[in-house]
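Below are the chains, spelled out letter by letter.
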Amino acid sequence: MTRRAVLLSLVTGVLLASVSPAHATGYRYWSFWDRTGTTWTYATQGPSTEVPSDGDVQGFRFAVSEDSSDATKPRGSASFTGICADTPAREGRKRVALVLDFGTAADAPSGETPPAGRAECASVPRNATTAEALASVAEPLRYSTNALLCAVSGYPETGCGEPVAEHADKGTGSEKSGSDPGPSVGLFAGLAAIAVLGAAAVWQTRRRRNAP
């Protein structure tokens, strides 16, 4: 291998080692959940197509997530008997317990404050979808042109599934931001190392030329 090839290999290695992504892209949106016993499961259908049964518990959570595997679950305890205890059963109708978690200040759009979470018991016709049950207790709702749920009880006022640059380590609890912090320290270190390697290569070339 020539000295030039060795230098190129070293430079590539330095760049790969020193430049790492500091952020991952997430999306700010309302996620939809089904509850079985004490476990929340990400819904396999959207609220406009799922038809819940009488006694079901479903939840909505506003947060920044990369995808369904990264989505944040609704908080707090939830049981059908606790939520619908004061809503009597009626002929031809069903009761669906809905948990509404408006998320945290860290996930809120700029200038907005999330309302306190709450639980509602929706009494709706037997064939009603989850979206219809939600509309009966949490209007105004807002949807995108492709039926993505954008707002529950008017929150948030604007935006719908927009990308948000967030810290990859969600456990830090730091404020998420869409701003780019600029080049990392590792990048500058890598560039400095490249300059040193380049100077060494020039020195070696001149040394060979001046050798007797």
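The residue numbers shown here count from 1 along each chain, following its written sequence. Selection of residues for local features in this predicted model requires a pLDDT of at least 70, selection of side-chain atom pairs for listing and counting requires 80 or more, and totals for whole chains, interfaces and linings are taken over all residues. The side-chain quantities take in all heavy atoms of the structure and omit both hydrogens and water.

Engineer: Hey, could you run me through the pattern of salt bridges in this one?
Structural biologist: A pair is scored as a salt bridge if a Lys or Arg side-chain nitrogen falls within 4 Å of a carboxyl oxygen belonging to Asp or Glu. Here the structure, examined in full by the defined rule, presents four salt bridges. Residues arginine 61 and aspartate 101 are paired through a salt bridge, measuring 3.5 Å at the closest nitrogen-oxygen approach. On the criterion of sequence distance, the pair formed by arginine 61 in strand 3 (residues 57–65) and aspartate 101 in strand 4 (residues 93–101) is long-range, its members being 40 residues apart. We note a salt bridge from glutamate 120 to arginine 118, for which the minimum N-O separation is 2.8 Å. Throughout this description, buried means an accessible area under 20% of the type-specific maximum (1.4 Å probe, protein chains only), exposed means over 50%, and partly exposed covers the range between. Judged by its relative accessible area of 23%, glutamate 120 falls in the partly exposed class. Classification of arginine 118 as partly exposed rests on a relative accessible area of 30%. Connected via shared salt-bridge partners are Arg61, Arg75 and Asp101. Each helix is a run of DSSP H or I of at least 4 residues and each strand a run of E of at least 2, with the numbering of both proceeding from the N terminus.

Engineer: Is there a simple way to explain the side chain of arginine 35 in this structure?
Structural biologist: Here arginine 35 shows up in strand 1 (residues 23–36). Any two residues having at least one pair of non-hydrogen atoms within 4.5 Å are treated as being in contact. If we ignore the near neighbours within four places in the chain, the residues touching arginine 35 are Trp40, Val57 and Ala78.

Engineer: Honestly, the packing of aromatic side chains in this entry has me stumped. Any pointers?
Structural biologist: One pair of aromatic rings is described through two measures. These are the centre distance and the angle between the planes. Each Phe, Tyr or Trp ring, with Trp reduced to its six-membered ring, pairs with another whose centre is within 6.5 Å; inter-plane angles below 30 degrees give stacked pairs, above 60 give edge-to-face pairs, and intermediate values give tilted ones. Following the criterion strictly, the structure yields six aromatic pairs and no others. Ring geometry for phenylalanine 32 against phenylalanine 60: centres 5.0 Å apart, planes inclined by 15 degrees, an arrangement best described as stacked. Of the two residues, phenylalanine 32 is situated in strand 1 and phenylalanine 60 in strand 3; the sequence distance between them amounts to 28 residues. Phenylalanine 60 matches phenylalanine 32 in its accessibility class, with the two residues each being buried. Between phenylalanine 62 and tyrosine 155, the aromatic rings sit 5.3 Å apart at their centres with planes inclined by 75 degrees, giving edge-to-face as the arrangement.

Engineer: So what exactly am I meant to see when it comes to the environment of aspartate 86 here?
Structural biologist: Along the polypeptide, aspartate 86 turns up in the loop between helix 2 (80–83) and strand 4. Residues aspartate 86 and cysteine 121, spaced 35 residues apart in sequence, show a C-alpha to C-alpha distance of 8.7 Å.

Engineer: Can you help me understand the nonpolar core in this one?
Structural biologist: In summary, soluble globular proteins display a tendency toward joint burial of nonpolar side chains. Grouped together as the largest cluster of nonpolar side chains are 20 residues, with contacts concentrated most on Trp30, Phe60, Leu98, Leu100, Leu134 and Val152. Breaking this core down by element, the ones donating at least two residues are strand 1, strand 3, strand 4, strand 5 (118–125) and helix 3 (130–137). Beyond its immediate stretch of four places on either side in the chain, leucine 100 contacts Phe60, Gly117, Arg118, Glu120, Leu134, Ala138 and Val152. The term nonpolar core refers to a set of buried residues drawn from Ala, Val, Leu, Ile, Met, Phe, Trp, Tyr and Cys, joined through side-chain atoms within 4.5 Å. Counting twelve residues, the second largest nonpolar core, distinct from the first, contains Trp33, Ala71, Ala78 and Phe80.

Engineer: How should the confidence of the model for the protein be read in this particular structure?
Structural biologist: Segments scoring low in pLDDT should not have their predicted coordinates read at a detailed level. The predictor attaches a confidence to each residue, and that confidence, scored 0 to 100, is pLDDT. On average, residues of the protein carry a pLDDT of 78, and 67% of them reach 70 or more. Low pLDDT (under 50) marks residues 4–22, which in the prediction has 17 contacts with non-local residues, meaning those over four places away or in another chain. For residues 167–198, every residue scores under 50 in pLDDT, and the model assigns this stretch 35 contacts once sequence neighbours within four places are set aside.

Engineer: Can you help me understand the environment of tyrosine 29 in this one?
Structural biologist: Relative to the helices and strands, tyrosine 29 is located in strand 1. Sequence separation between tyrosine 29 and arginine 61 is 32 residues; the distance between their C-alpha atoms is 8.2 Å. Not counting residues up to four positions away in its chain, the partners in contact with tyrosine 29 are Tyr42, Arg61, Phe62, Ala63, Ser65, Asp67, Ala71 and Gly161. A polar atom in the side chain of tyrosine 29 sits 3.5 Å from the side chain of tyrosine 42. In protein, a polar contact means a hydrogen-donor-capable atom and an acceptor-capable atom, both N or O and within 3.5 Å, with residues adjacent in sequence counting only if both atoms are side-chain atoms; elsewhere, any N or O pair within 3.5 Å suffices.

Engineer: Could you clarify how one ought to interpret the state of the cysteines in this entry?
Structural biologist: In protein structure, a disulfide is the covalent linkage between the sulfur atoms of two cysteines. The definition used for a disulfide is geometric: two cysteine sulfur atoms within 2.5 Å. Under the counting rule described, the total for this entry stands at two disulfides. Residue pairing for cysteine 84: its cysteine sulfur links by disulfide to cysteine 121, the two sulfurs lying 2.1 Å apart. Between cysteine 84 and cysteine 121, the S-S torsion sits near 105 degrees, and that sign places the bridge as right-handed. In this pair, cysteine 84 sits in the loop between helix 2 and strand 4 while cysteine 121 sits in strand 5, placing the two residues 37 residues apart along the sequence. With respect to burial, cysteine 84 and cysteine 121 carry one shared label: buried. Sulfur-sulfur distance for the disulfide between cysteine 150 and cysteine 160 comes to 1.9 Å. Taking the sign of the S-S torsion, -70 degrees for the link of cysteine 150 and cysteine 160, the bridge is left-handed. Of this pair, cysteine 150 sits in strand 7 (residues 149–151) while cysteine 160 is found in the loop between strand 7 and strand 8 (163–167), placing the two residues ten residues apart along the sequence. On the basis of relative accessible area, cysteine 150 is assigned to the buried category, the value being 4%.

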